[in-house]
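Chain by chain, the residues:
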Amino acid sequence: MVAKDSAQANANQQLQTLARTMADRLDQHMFERYREIQNVASLGPLQTVWSKDAAATRTILEKLQASLPEYAWLGFATPDGVVHAATKGMLEGVSVAQRPWFVDGLKQPTVEDVHDAKLLEKLLRTSPDEAPFRFVDVAMPVFDEHQVLAGVLGAHMSWTWADDVRRTVLTTQDTANAAELWVSARDGSLLIGPADHKLDVALLTEAASSEGVLFTDDTSSAPMRSAVVATRGQGSYPGLGWAVVARMPVAVIYAPAHQLVLQILLIGAVAAVSASAVAWMLAGSVTKPLKALAASLDLIGRQANVTSVERQHGSLDILQLSAAVRSLLRRVGSAEASEQTANTTINALQREAEDQKKDIEQKILRYGADLHALQKLADTDSMTGLLNRRAFLPFANDAWNYYKRHGRAFSILMFDIDHFKRINDTFGHAAGDEVILAMGNIISAGIRATDKVARFGGEEFVVLLRETDEAAALLMANRLREEIASTIVTAGQQKISFTTSVGCAFGTSSARDLEDVIQRADTALYEAKTSGRNCVAMAGVAAESRRTAA
C-alpha cells in the first residue's frame, strides 16, 4: 500500500508538471505571435503604406511570413472587407467582410480559436490526401498617419505548430511512462486528441480556478490517471480558454510497486523453503537433547536449589551447547551489564554520526547557494539585472560562429541615451538611474525570446538579433526607438522624457570576427548621434538613406 501511494503521488506530480509545461508553452507561443502582429500593425513608418501601396504591403507581409513558416497566410483588408494585399497574392480582391477575424479585428485586437480553413483551403492544398487545414487567427486594427482606421491586419497560423509543441514537451519525459497530451477547447471538444472524446465543461471550469484537477478515467478498457491544467494567457494575449490534459495508464503507474511486491513474495518463499529444509534435517539429532536441556532450564527459578543445568550427552554440538549454557548462567549478570554499556556506546556513536552527516549536508547546500549567487553577480548588471558584457559575448560569439558555418544572418543593435549627462545634471543621478532602468525594461520587453540584450556600461545597451535580415532589424530598431521616445519617467516630482540613438550592423563576410561587427555598430551609433540623434543609422549605408528620423 505504501509503495502504491508513493507511486501515485509521483505520477500526480509528473502529470501536473507535464500539463503545466504544455499549457505554458502554448501561452508563450500565442503571446509571441500576438505581440508580433500587434507590433507590425502599430509601426509608425508603415502608416502611410498600408492602404496606398499594395506591392509594398505585400513585401512586408511576405518578409514576416518568411521569419516564421507557421504563418500560413498574412493579409491586410480595407474597412470594406476587401483584401488589399496578402502573402503570395492569395485572396487579394476577395471580400472577407463576414469572417469573424475581420469583424472583430475592426473593433479591437482579437484572437480567434481553432477553426477549419474556408477561403484558403483550395489555395493552400497541394495534395488531395492532405488533412484538412485548421488555423488560429490573430487580427489587429490598423490606423493611418491621421489615426483614421485604414483596415485590419490578419494572420492565419497553422494549428500544426501546437502538435509540434506537444511532441517537444513529450521528448523531455521518460518514454517508458507512456504519457500522452491532449488539448481541449473551452467547450470540451479536443483540439489535439481523439475526435470522438469530449471533456466535461464543469471539469474545465474547476481546472481554470485552481492549479489543476486530478482524476482517474475508468471508462476505457485501460484506466488512465489524468491531470487537467488550464492555460492562463500571457501579457497582452488574453488566452482562448484552452486546457491541457496529461494522461498515463494506471497500470504503468503501479508497475514498479507490483514488481516490488512480487520480489518480496519470492524472497520470502525461498527463505521459508530453505528454513523448513534445515529444520527437517536437524530435527532428528537435535530435538531430544534440546528438550532435556529445556526441561533443566525450566527448573531454574522454580526450585530454589536449582541454579544450573545438568550436563547433556549426545553429539559434540549438544555437549558444547550444554557447557555454554552452564557458563552463560554463571556470567549472565556481568553479560547484561556489558550489553547495556555496549548499547549505550553504540547509540552515542550513531547519534554523533547522524549529527556529522546533517552538518555536512547543510554545508553542501550553503556552498551551492553561494556559488549560484556568485555566478549571477558575475553575469548580470547590478542595476538593471540584464546581462553584462562578459555574459553577453558567449551568445554573440555563438551567433557569429553559426553565421560563419551556415550563413544564418544576425544583427547587432547599439543603443545610447541622448544627452544623458544633461539628464543627470538637471534631475540628479538618481533620476538618471531611473531612466537607465526604464530603457533596459523597454528593450528587454520588446525583443524576442531568442534575442539577447546587455548593458555594456553607463547609458549604453547592446542587442543581439538572431535570424534577422536588414528590413526586420530596422523595423525592430525603429519600433524600440519610438517606444522609448514616447516614454515618460517619473522621478520624485519630476517628469522626464528622453530619446535614444541606435547604431545597426549586420554579420558580413568582410568582418574578421565578432568584434568587427560590434565596432561597426558602434561607428553607426556615432553617426546617428552626429546626424541629429533620436534616429537609427545602419553601418555601410549612405548617410542620406541610413537615417530614419524620429
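It should be noted that the structure appears before, not after, this text.
Numbering of residues starts from 1 in every chain and runs along the sequence as written. Local features in a predicted model are, by the rule used here, given only for residues with pLDDT of at least 70; side-chain atom pairs are given and counted only at 80 or more, and totals for whole chains, interfaces and linings are based on all residues. Side-chain figures throughout are based on the complete set of non-hydrogen atoms in the structure, without hydrogens or water.

Before going further, it helps to spend a moment on unusual backbone geometry. The backbone of Gln 147 shows a phi angle near 60°, a positive value even though the residue is not glycine. By the criteria applied, helices consist of DSSP H or I runs no shorter than four residues and strands consist of E runs no shorter than two, each listed in order from the N terminus. Summarising the element assignment, Gln 147 is placed in the loop between β4 (134–143) and β5 (149–158). Note on Gln 147: relative accessible area 53%, which makes it exposed. The backbone phi angle of Asn 534 is positive, close to 50°, even though this residue is not glycine. Remark: exposure states derive from per-residue accessible area (1.4 Å probe, protein chains only) relative to the maximum for the residue type, with buried under 20%, exposed over 50%, and partly exposed in between.

For Asp 381, the position within the fold is in the loop between α8 (316–379) and α9 (389–406). Overall, the relative accessible area of 14% leaves Asp 381 in the buried class. Reaching out from Asp 381, the side chain makes a polar contact with the side chain of Thr 384 at a distance of 2.8 Å. In this description, contact between two residues means that some pair of their heavy atoms is separated by no more than 4.5 Å. Among residues more than four places away in sequence, those in contact with Asp 381 are Leu 386, Leu 387, Asn 388 and Arg 455. By the criterion applied in these results, polar contacts are pairs of N or O atoms within 3.5 Å in which, for protein atoms, one can donate a hydrogen and the other can accept it, and in which residues neighboring in sequence qualify only through two side-chain atoms.

Before going further, it helps to spend a moment on a negative patch on the surface. A contiguous patch of negative charge, built from Glu 352, Glu 354, Asp 355 and Glu 361, is present on the exposed surface. As for its placement among the helices and strands, Glu 354 is situated in helix α8. Candidate patch residues must exceed 30% relative accessible area and have no salt bridge, after which like charges are joined if within 9 Å and Val, Leu, Ile, Met, Phe, Trp or Tyr side chains if within 5 Å. In this description, accessible areas are obtained by the Shrake-Rupley approach with a 1.4 Å probe, and a residue is regarded as covered only by the protein chains that are shown. Salt bridges are defined by distance alone: a side-chain nitrogen of Lys or Arg within 4 Å of a carboxyl oxygen of Asp or Glu. Neither His nor the chain termini are counted; the positive set is Lys and Arg, and the negative set is Asp and Glu. Every charge is mapped to an atom, namely NZ of Lys, CZ of Arg, CG of Asp or CD of Glu.

Turning our eyes to something else, we now look at the side chain of Thr 57. Its location among the elements puts Thr 57 in helix α2 (residues 54–67). In this structure Thr 57 comes out as buried when scored by relative accessible area, which is 0%. A polar atom in the side chain of Thr 57 sits 3.0 Å from the backbone oxygen of Asp 53. Those residues in contact with Thr 57 that lie beyond four places of it in its chain are Val 49, Trp 50, Phe 76 and Ala 85.

Take the sheet that holds strand β8 (residues 213–217) next. Here, any two strands with at least 2 DSSP bridges between them count as paired. A sheet is described by the order of its strands in space; here five strands give the open sequence β7-β6-β10-β9-β8, paired in antiparallel fashion. The open sheet has two free edges, formed respectively by β7 (190–192) and β8, since each of these has just one partner strand. For this sheet, the mean angle separating the axes of adjacent strands, direction not counted, is 30°. Pairing geometry for strand β6 (residues 180–184) and β7, over two bridges, is antiparallel. What sits directly across from Val 183, in β7, is Ile 192. Orientation is described by lines fitted to C-alpha atoms, with helices fitted over the stretch in contact, and by angles between N-to-C directions that extend from 0 to 180 degrees. Here helix α6 (residues 201–208) sits on the sheet and contacts β6, β8, β9 (224–230) and β10 (243–249); the angle it forms with β9, its principal contact strand, is near 60°.

Our focus in this paragraph is the pairing of strand β12 (residues 452–457). Pairing between β12 and strand β13 (residues 460–466): five bridges, direction antiparallel. By the bridge assignment for β13, Lys 452 is matched with Leu 464. Between the antiparallel neighbours β12 and β13 lie two residues, among them Gly 458 with a positive phi of about 60°.

Turning our eyes to something else, we now look at the pattern of salt bridges. In total, this model carries 21 salt bridges according to the counting rule given. Residues Asp 24 and Arg 20 are paired through a salt bridge, measuring 3.4 Å at the closest nitrogen-oxygen approach. Here Asp 24 pairs with Arg 20, and both are found in helix α1 (residues 2–41), just four residues apart, close to one helical turn. A relative accessible area of 31% means that Asp 24 is categorised as partly exposed. Two residues, Arg 58 and Glu 92, come together in a salt bridge whose shortest N-O distance is 2.8 Å. Remark: Glu 92 occurs in the loop between β2 (83–86) and α3 (100–105) and Arg 58 occurs in helix α2; sequence separation between them is 34 residues. Exposure remark for Glu 92: the relative accessible area of 28% places this residue in the partly exposed category.

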